[in-house]
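# What the coordinates show
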Amino acid sequence: MTATAGGPWRNPLRDKRDKRMPRIAGPCAVVIFGVTGDLSRKKLMPAIYDLANRGLLPPNFALVGFARRDWADEDFGQVVYEAVREHARTPFRQAVWDRLAEGFRFVPGSFDDDAAFTELAGTLDRLDAERGTGGNHAFYLSVPPKLFPTVCEQLHRTGLAETRGGRWSRVVIEKPFGHDLASARELNAVVNAVFPEESVFRIDHYLGKETVQNVLALRFANQLFDPIWNAHYVDHVQITMAEDIGLGGRAGYYDGIGAARDVIQNHLLQLLALTAMEEPVSFGPAELQVEKIKVLSATRLAQPLDRTTARGQYTRGWQGGQPVVGLLEEEGFAPDSTTETFAAITLEVDTRRWAGVPFYLRTGKRLGRRVTEIALVFKRAPHLPFDSTMTDELGKNALVIRVQPDEGITLRFGSKVPGHLMEVRDVTMDFSYGSAFAEDSPEAYERLILDVLLGEPSLFPVNAEVELSWQILDPVLANWAPHGAPEPYPAGGWGPESAARMLAGTGREWRRP
Ligand code: BG6
């Protein structure tokens, strides 16, 4: 297990102290680059406030914004205030806010401005002295990857990337981490030239979700599921991340990126890894990563790609009773954009546990509703000792991990319909977080930001995972590239025809979540 300056990672499934007394971050400052962006306003600032409100940040904490804006500390404070009032999960408490806001600083400047970074270093020094942040600094790069080299170089030049004398310096990187394997390797090299791998925290916010961590609890804390969690019983696995929102306002990021790079390369492959991996020796970071890397190394694309993948682009349609425009009419998108807003792929995991079980991954914007789920669909019973007309409405058994919304688990199986006939029909049994637990789940970003400050790397994909994920996806992107425009699908539906054909070809169908 990797011991870091924040101390060895504690297993939350085993450590009783964590349950009653969550660990509090030590003295530190968080610097956000890209502080004017959407992510910062909607997720990062609110998560920092929510952590403070839950008593998980120390009194000697500071938040520093860096951006090309002519702001004083107070202007920055006002921006954070508005973000918190609009997006925080927990109630607003003036006393918590006042104490947190005392540690706000703003440094104006652009990323190629040496003087601005020298000023940033000075600001952090002063915070260490005035506020007792202890020389511990987390740099959050909420900026496009093309800016990583410049920012890393500046942090190196100013000595801010150095970890010395028990102080730590960590860098937090948001996806997209490259746009293919080659660019991801280049980026990794740039980042690792300045920050050693143990100081690099790559955010995949899906790993911060309670329901995603619950995949580990479900699989490894129970006796019930493991015996059937394999190719003997599982027919196939469907991993779906559907969104009802469109891409208005996100052209700058999304045009040219598309659904496969945006979601499959990271979130969905991580969900596959947690679903398919073997039991780790422990939940220490190194042990977890070894298992995820093993399973990603064994994951291959089913062939031929023309039949085992699908891509689409939404056209105008209806969503929630309102007419909505198609991608090509969304502001900022090129009128001939070939960016896909729906992507589906078929994977095989070449291990004894999974040989022959297809894993179908799909994601899309402007689909019927917002839902993320992992569904294990089981084989039919080898023999049904019933009159066949009595089992017309019996489908395949399924175990569905409902990642969001309505977080929980559903088990689908056949049951006798009341009456004198032996008719069998599908029924479901539900576990719902909302009714089983009194506590609300924290936002993924709360958990992940706290883990960065504690130096707990378990929920952050390492270099090797990122590169393996690109290695899996690259041939799909290369296969799609010469084909021009993706297949259109109407907003509010469930994606293009080719996605349905992709499963129909093997006698299966997508679940209608
Ligand atoms: C992000 C993607 O990583 O995840 C977005 O870039 C997507 O396109 C978002 O909308 C969805 O996150 P969540 O937590 O709402 O499922």
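Residues numbered from 1 in each chain as written. Predicted model: local features only at pLDDT ≥ 70, side-chain atom pairs only at ≥ 80, totals over all residues. Heavy atoms only, no water.

## Concerning the site of the ligand
The condition is simple: Any residue with a non-hydrogen atom lying within 4 Å of a molecule or strand is treated as near it. In protein, a polar contact requires one atom able to donate a hydrogen and another able to accept it; more generally it is a pair of N or O atoms within 3.5 Å, and residues adjacent in sequence count only if both atoms are side-chain atoms. The Shrake-Rupley method, run with a 1.4 Å probe, gives the accessible areas here. Residue values count only the displayed protein chains as cover.
Every one of the 13 residues lining the ligand counts as a neighbour, but Tyr-206, Lys-209, Glu-243, Asp-262 and Gln-404 are closest to it. Taking Lys-175, its side chain carries an N or O atom lying 3.0 Å from an oxygen atom of the ligand. Interatomic distance of 3.3 Å between a side-chain N/O atom of Arg-370 and an oxygen atom of the ligand. Starting from 400 Å² of accessible surface for the ligand in isolation, the protein chains cover 82%.

## Considering the nonpolar core
Stated formally: Residue types Ala, Val, Leu, Ile, Met, Phe, Trp, Tyr and Cys, when buried and joined through side-chain atoms within 4.5 Å, form a set referred to as a nonpolar core. Note on classification: 1.4 Å probe, protein chains only; a residue is buried when its accessible area is under 20% of the maximum for its type, exposed when over 50%, partly exposed between these limits. Labels follow the DSSP assignment, with helices taken as runs of H or I lasting at least four residues and strands as runs of E lasting at least two, numbered in each case from the N terminus. A contact between two residues is defined here by any heavy atoms of the two lying within 4.5 Å.
Counting residues in each nonpolar core, the largest one holds 149 residues, and the members touching the most others are Phe-33, Leu-120, Phe-359, Leu-361 and Leu-453. It is helix α10 (residues 258–276) that contributes the most residues to this core, 11 residues altogether. Setting aside chain neighbours within four positions, we find Phe-33 in contact with Phe-66, Phe-111, Phe-117, Leu-120, Phe-139, Tyr-140, Leu-141, Ser-142, Val-143, Val-151 and Leu-155.

## Focus: the sheet that holds strand β1 (residues 28–33)
Our working definition: We call two strands paired when DSSP finds no fewer than two bridges between them. Angles here are taken between N-to-C directions and fall from 0 to 180 degrees, while the axes themselves are lines fitted to C-alpha atoms, restricted in helices to the stretch in contact.
Read from one edge of the open sheet, six strands run β3-β2-β1-β4-β5-β6, paired in parallel fashion. Unpaired on one side and paired on the other, β3 (104–108) and β6 (200–203) mark the two borders of the sheet. In this sheet, neighbouring strand axes are inclined to one another by 20 degrees on average, regardless of whether the strands run parallel or antiparallel. As paired elements, β1 and strand β2 (residues 61–67) share six bridges and run parallel to each other. When the bridges of β2 are listed, Ala-29 appears paired with Ala-62. Helix α2 (residues 38–53) contacts β1, β2, β4 (137–141) and β5 (169–174) of the sheet and is inclined by roughly 170 degrees relative to β1.

## Some thoughts on the UniProt feature "domain: Glucose-6-phosphate dehydrogenase NAD-binding" (unreviewed entry) in the protein
In plain terms, the rule: UniProt positions are given in the numbering used here, feature names are shortened, and annotations may be inferred rather than shown by experiment.
Taken from the UniProt record, the annotation "domain: Glucose-6-phosphate dehydrogenase NAD-binding" (unreviewed entry) applies to residues 31–214. Annotated as 47% helix and 16% strand, the span residues 31–214 places its first and last C-alpha atoms 31 Å apart.

## A few points about the UniProt feature "active site" (unreviewed entry) in the protein
Per the UniProt entry, the sites bearing "active site" (unreviewed entry) are His-267 in this numbering. Positionally, His-267 belongs in helix α10. With near-sequence residues (within four places) excluded, His-267 lies in contact with Lys-175, Asp-204, His-205, Tyr-206, Met-241 and Asp-262.

## Observations concerning the pairing of strand β16 (residues 408–416)
With five bridges joining them, strand β15 (residues 398–404) and β16 adopt antiparallel strand pairing. By the bridge assignment, Ala-398 is partnered in β16 with Arg-412. Two successive antiparallel strands, β15 and β16, enclose a turn made up of three residues, where Asp-406 displays a positive phi of approximately 50 degrees. One ladder, built from nine bridges, connects β16 with strand β17 (residues 424–432); its direction is antiparallel.

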